[in-house]
Structures are given as C-alpha cells and as structure tokens.
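Working through the structure, step by step
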Amino acid sequence: MPVQPREPSVTVQLSSPESLMQPVPYAHVAIGTGTRHVHVAGQISRDAQGRALAPGDLAGQVAHALRNTGAGLRSAGAGFGDVVRLTFYVTDWSPEKIEAFMAGVQEVAEELGLPQPMPPSSLIGVDHLFEPDVLVEVEATAVTG
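Summarised in this report is the structure supplied together with it. Keep in mind it's a predicted model, so treat the numbers as computed, not measured. (Residues numbered from 1 in each chain as written. Predicted model: local features only at pLDDT ≥ 70, side-chain atom pairs only at ≥ 80, totals over all residues. Heavy atoms only, no water.)

**A short note on the overall build of the chain**
Helix and strand counts for the chain come out as 2 helices and 6 strands. Listing every helix and strand of the chain by position from the N terminus yields β-β-β-α-β-α-β-β. Structurally, the chain occupies a C-alpha span of about 40 × 35 × 25 Å along its principal axes. Taken across its 145 residues, the chain has 39% of its residues classed as buried. Excluding contacts between residues fewer than 6 apart, the proportion of contacts in the chain whose partners are at least 24 apart in sequence is 75%. Carbon and sulfur atoms provide 55% of the accessible area of the chain, an area that totals close to 7800 Å². Distance between charge centres in the chain, computed from 8 positive and 16 negative side chains, equals 8 Å. (Helix = DSSP H or I, 4+ residues; strand = E, 2+ residues; numbered from the N terminus. Buried < 20%, exposed > 50% of the residue type's maximum accessible area, 1.4 Å probe, protein only. Contact = heavy atoms within 4.5 Å. Areas by Shrake-Rupley, 256 points an atom, 1.4 Å probe, with all protein chains shown as cover. Lys, Arg positive; Asp, Glu negative; His and termini not counted. Charge placed at Lys NZ, Arg CZ, Asp CG, Glu CD.)

Fair warning: the whole summary comes from geometry, so function is off the table for now.
As structure tokens, this is what we get:
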C-alpha cells in the first residue's frame with residue numbers, strides 16, 4: 001500500500017556543505033531538533049511471516065528492507081522525513097553493486113516518501129549477515145517533535 005508523502009519534517013534539517021564531497025545521493029548533515037528519538041532495528045527482506053522476499057536480488061532486497069524500515073517508522077509515528085541517519089549493511093560488497101543498490105532505493109523512494117537526496121547514510125560492506133540469503137540490512141534513526 002503506497003504511503004502518503006509527508007510534509008518535510010520541521011524537526012529535521014538536511015544539508016550538504018559545499019566543502020564536502022559532491023555529488024552524493026545523501027545529505028552529509030542532519031540536524032534533529034525534536035524531542036523523540038526513534039531507532040528502527042536492522043530490517044531485511046522478509047515478510048511478516050519470515051518468508052524471504054527477492055532471493056538473490058540486491059535491488060529487490062533493498063526495496064523490501066526499506067519498506068520494512070518504513071513500517072517500523074510508521075509504527076512509532078515517524079516517517080522517512082524524520083530520519084537523521086540510515087545505515088545499510090550489504091554482503092560481499094563491491095563498487096559494481098552500486099547500480100543495483102540504488103535501483104532498489106529508487107524503486108521505493110516515492111512510495112515511501114524517502115527524501116532525495118537521502119538523509120545521512122552509510123553503506124557498510126560485510127562478509128555475511130545472520131542468514132545466507134540476506135543481502136542487505138537497513139537501520140534507521142529518526143527524530144520527531
């Protein structure tokens with residue numbers, strides 16, 4: 001079900017100083033001035049029953065993991081407009097995978113109201129995650145008023 005885009009958060013300001021590397025698909029800095037901190041645990045490409053979604057497909061798993069992250073945010077009364085930090089863990093990372101990774105982000109950006117550029121983000125390559133079929137895990141931190 002598509003998520004109605006929210007108005008930009010008044011508690012989060014995103015910026016990218018000109019003195020930092022440009023262009024990047026995320027803002028370098030987020031300033032959160034709200035009073036509630038929301039931390040969403042690492043989300044993966046599984047449905048509510050724990051069934052794997054998009055096996056072997058990095059773009060598909062990124063999209064599903066972001067959808068699950070969005071569900072976690074919504075459960076706390078937040079959205080991607082409130083996010084001050086995203087962390088992506090990707091198995092067997094290599095620079096050649098960036099196209100598939102970004103395709104997954106773009107697939108759901110409008111659907112989830114994910115700001116473009118994204119909030120400050122890190123992409124961390126790891127050997128493996130908790131199950132062999134899991135290619136990506138996403139964590140989010142948000143601030144709301």
